[in-house]
Amino acid sequence: MTPDDRVYAYSAVLMGSPILLKLFEHNESLASGVFRLIKHQENTFTVNRPHSDIMAINHAAGRDPVTVSAPVFELIRRAKAISCLPGSSFNFTIGPLVKCWKIGFSGHSIPAARDLQTLLALTNPEDVILDEQTRSVFLQQAGMEIDLGAIAKGYIADVVRDYLREQQVENALINLGGNVQTLGAGAEGAWAIGLKKPFSEPDTLIGVINVIGKSVVTSGIYERYFELEGHCYHHILDPKTGYPLDNELLSVTIISEDSIDGDIWTTLLYGMGVEKSLAYLEQIPHIEAIFVTRDGQIILSSQRQFTFTPLDDSYRITTY
Ligand code: AMP
Ligand code: MG
């Protein structure tokens, strides 16, 4: 079948999220190939089921090193390096805290402060020992748990992009529940990706981001949260305190070449807040950000790799 200019959308629910694939040809077998690939990756990285490569490492915490495949080792190496950056708000050993809060899952509650203190002691990324020779991962303390939730979707979005490229696909979009990766320019000269209005219906947009062959990743506190006594407890935790990160931000969107960078940087910048992030991003031209703040601002760090069209006049736009 020859490619045409109609868009064919394929969807599935995987990794607890709606997954959308857009192609410019009707190709069920390619779509199945993509969903199979995502399922395989999910089975490798999940911590929401008893068995996966990551769960094997977690189950052996305090006991044995576990040898993993080269791609899993590489992703863990990367996650550790980011987690160990000075002042990093990204911490891939945050698992015990995530499990304790259960935000976005049934049975959520506010943990006792002393329980959080106890669990914080199990979240030192330096306590993850990596051995390049044997490709093994060892969590030094019993009770430690790796959680790759803040990086895995970005990684998988790039795996899908690379797979589509191998299949000679030049124009496509994959949306892994908020992590979007694109090939080519779509039907209208650029792909249009909606920026969601925080705490609103999923299709209420405050703007549209246009990209060609770039990734667009959004991390927002409205994605998973619960409310209690007027306070919003959301799923991005502060590794220093064990509580949800509390600052002026409602969401951070990253536009970048690789979706894994987008996934990493949303979490890193979330912790930095707007001002520090803007200063930081001046040195990293391939990473661009859009911040949505509690006081109704949309702040764009720069617009080298995308264009932005606002759709809601109640937000003030600032561009740097
Ligand atoms: P994301 O959707 O990329 O913002 O990642 C959110 C997920 O990452 C959460 O659901 C947790 O599983 C995990 N997580 C929460 N806080 C952190 C953190 N500070 N560093 C790394 N991962 C985190
Ligand atoms: Mg992330």
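Since the structure is predicted, the reported quantities are computational estimates derived from the model, not experimental observations. (Residues numbered from 1 in each chain as written. Chains lettered and ligands numbered in written order. Predicted model: local features only at pLDDT ≥ 70, side-chain atom pairs only at ≥ 80, totals over all residues. Heavy atoms only, no water.)

K.L.:
Even after reading the chapter, I still don't get the sheet that holds strand β16 (residues 307-310), so can you show me in this structure?
P.N.:
Two pairing modes exist for strands in a sheet, parallel and antiparallel, and in both the strands are linked by backbone hydrogen bonds. Pairing is antiparallel in the open sheet, where three strands are placed in the order β8-β9-β16. Across the chains shown, the open sheet's two edge strands, defined by having one partner strand only, are β8 (191-196) and β16. Neighbour-to-neighbour, the strand axes of the sheet open up by a mean angle of 25°, direction not taken into account. As judged from the six bridges shared by β8 and strand β9 (residues 205-211), these two strands associate in the antiparallel manner. Along β9, the bridge assignment pairs Ile193 with Ile209. (Pairing = 2+ DSSP bridges. Helix = DSSP H or I, 4+ residues; strand = E, 2+ residues; numbered from the N terminus. Axes fitted to C-alpha atoms, helices over the stretch in contact; angles between N-to-C directions.)

K.L.:
So what exactly am I meant to see when it comes to the site of ligand 1 here?
P.N.:
Close to ligand 1 lie 16 residues; Ser89, Asn91, Asp147, Ser219 and Leu237 are nearest. A distance of 2.8 Å separates a nitrogen atom of ligand 1 from a polar atom in the backbone of Ser89. In the model, an oxygen atom of ligand 1 is placed 2.9 Å from a nitrogen or oxygen of the Asp263 side chain. Protein chains shield 93% of the accessible area of ligand 1, which is 500 Å² for the free molecule. Residue composition of the shell around ligand 1, grouped by class: seven nonpolar, six polar and three charged. (Near = heavy atom within 4 Å. Polar contact = N/O pair within 3.5 Å; in protein donor to acceptor, adjacent residues only side chain to side chain. Areas by Shrake-Rupley, 256 points an atom, 1.4 Å probe, with all protein chains shown as cover. Nonpolar A, V, L, I, M, F, W, Y, C, P; charged D, E, K, R; others polar.)

K.L.:
Can you help me understand the coordination of the magnesium ion (ligand 2) in this one?
P.N.:
Perfect tetrahedral coordination of a metal by four donors corresponds to 109.5 degrees between them, and perfect octahedral coordination by six donors corresponds to 90 or 180 degrees. The coordination sphere of the magnesium ion (ligand 2) contains the protein donors Ala150 (O), Asp263 (O) and Asp263 (OD), at a distance range of 2.1 to 2.6 Å. Here Ala150, found in the loop between β5 (136-139) and α6 (152-166), pairs with Asp263, found in helix α7 (residues 259-281); they are 113 residues apart in sequence, far enough to count as distant. Take Asp263: its relative accessible area is 7%, and that puts it in the buried class. (Donors = N, O, S within 2.8 Å, 3.2 Å for Na, K, Ca; no water. Buried < 20%, exposed > 50% of the residue type's maximum accessible area, 1.4 Å probe, protein only.)

K.L.:
Is there a simple way to explain unusual backbone geometry in this structure?
P.N.:
With the exception of glycine, the majority of residues adopt a negative phi angle, and the majority of peptide bonds are in the trans configuration. Even without a glycine there, the phi angle at Gln168 is positive, about 65°. Note on placement: Gln168 falls in the loop between α6 and β6 (172-176). Look at Gln168 and you get exposed, because its relative accessible area is 66%.

K.L.:
Any chance you could explain the packing of helix α3 (residues 70-83) against α7 here in plain terms?
P.N.:
Geometry of a packed helix pair, given as the angle between the helix axes and the separation of the axes. Look at α3 against α7: their axes get within 12 Å of each other, and the N-to-C directions meet at 25°. Accordingly, the angle class assigned to the pair α3 and α7 is roughly parallel. Note that α3 runs across α7; the crossing there is right-handed. Between α3 and α7, the residues in contact are Leu75, Arg78 and Ile82 and Ile260, Asp261, Ile264 and Leu268, respectively. (Parallel < 35°, antiparallel > 145°, perpendicular 65-115°, else oblique. Left-handed = near helix turned anticlockwise from the far one by under 90°. Contact = heavy atoms within 4.5 Å.)

K.L.:
I keep staring at the sheet that holds strand β2 (residues 17-23) and nothing clicks. Help me out?
P.N.:
Spatial strand order, β1-β2-β6-β7-β10-β13-β14-β15-β17: nine strands in an open sheet with mixed pairing. The sheet is open, and its two edges are formed by β1 (8-14) and β17 (316-319), each paired on a single side. Taken pair by pair, the neighbouring strands of this sheet meet at an average axis angle of 10°, ignoring direction. With six bridges connecting them, strand β13 (residues 249-256) and strand β14 (residues 288-293) associate as antiparallel partners. Residue pairing in the sheet places Val252 in a bridge with Phe291 of β14. Its contacts with the sheet put helix α1 (residues 28-45) on β1, β2 and β6, and the angle it makes with β1 is roughly 25°. With respect to the sheet, α6 is in contact with β2, β6 and β7 (179-183), its orientation differing from that of β7 by roughly 20°.

K.L.:
Please clarify how the nonpolar core should be interpreted in this entry.
P.N.:
Soluble globular proteins: nonpolar side chains tend toward being buried together. One finds Ile38, Leu148, Leu164 and Phe291 to be the most contacted residues of the largest nonpolar core, which totals 81 residues. If you tally residues by element for this core, the top one is α7, at nine residues. Not counting the four nearest positions on each side in its chain, Leu148 is found in contact with Phe45, Ile54, Leu75, Ile76, Ala79 and Phe92. Formed by 18 residues, the second largest nonpolar core is a distinct cluster that contains Leu173, Ile206, Val211 and Phe308. (Core = buried A, V, L, I, M, F, W, Y, C linked by side-chain atoms within 4.5 Å.)

K.L.:
Is there a simple way to think about the environment of Ala12 in this case?
P.N.:
Relative to the helices and strands, Ala12 resides in strand β1. Sequence spacing of Ala12 and Ile82 is 70 residues, and the spatial spacing of their C-alpha atoms is 31 Å. Not counting residues up to four positions away in its chain, the partners in contact with Ala12 are Ser17, Pro18, Ile19 and Phe35.

K.L.:
Looking at this structure, I do not really get the side chain of Asn58. What am I missing?
P.N.:
Relative to the helices and strands, Asn58 resides in helix α2 (residues 53-59). Classification of Asn58 as buried rests on a relative accessible area of 8%. Not counting residues within four places of it along the chain, the set of residues in contact with Asn58 comprises Val47, Leu139, Met144, Glu145 and Ile146.

K.L.:
Teacher, can you tell me more about the pattern of salt bridges here?
P.N.:
Two side chains of opposite charge can pair, provided their charged atoms sit close to one another. The full count for this structure, using the stated rule, is 12 salt bridges. One salt bridge in this structure joins Asp246 and Arg294, with 3.8 Å as the shortest N-O distance. Here Arg294 lies in the loop between β14 and β15 (297-300) and Asp246 lies in the loop between β12 (231-234) and β13, a separation of 48 residues in the sequence. On the accessibility criterion, Asp246 (60% relative accessible area) is exposed. (Salt bridge = Lys/Arg side-chain N within 4 Å of Asp/Glu carboxyl O.)

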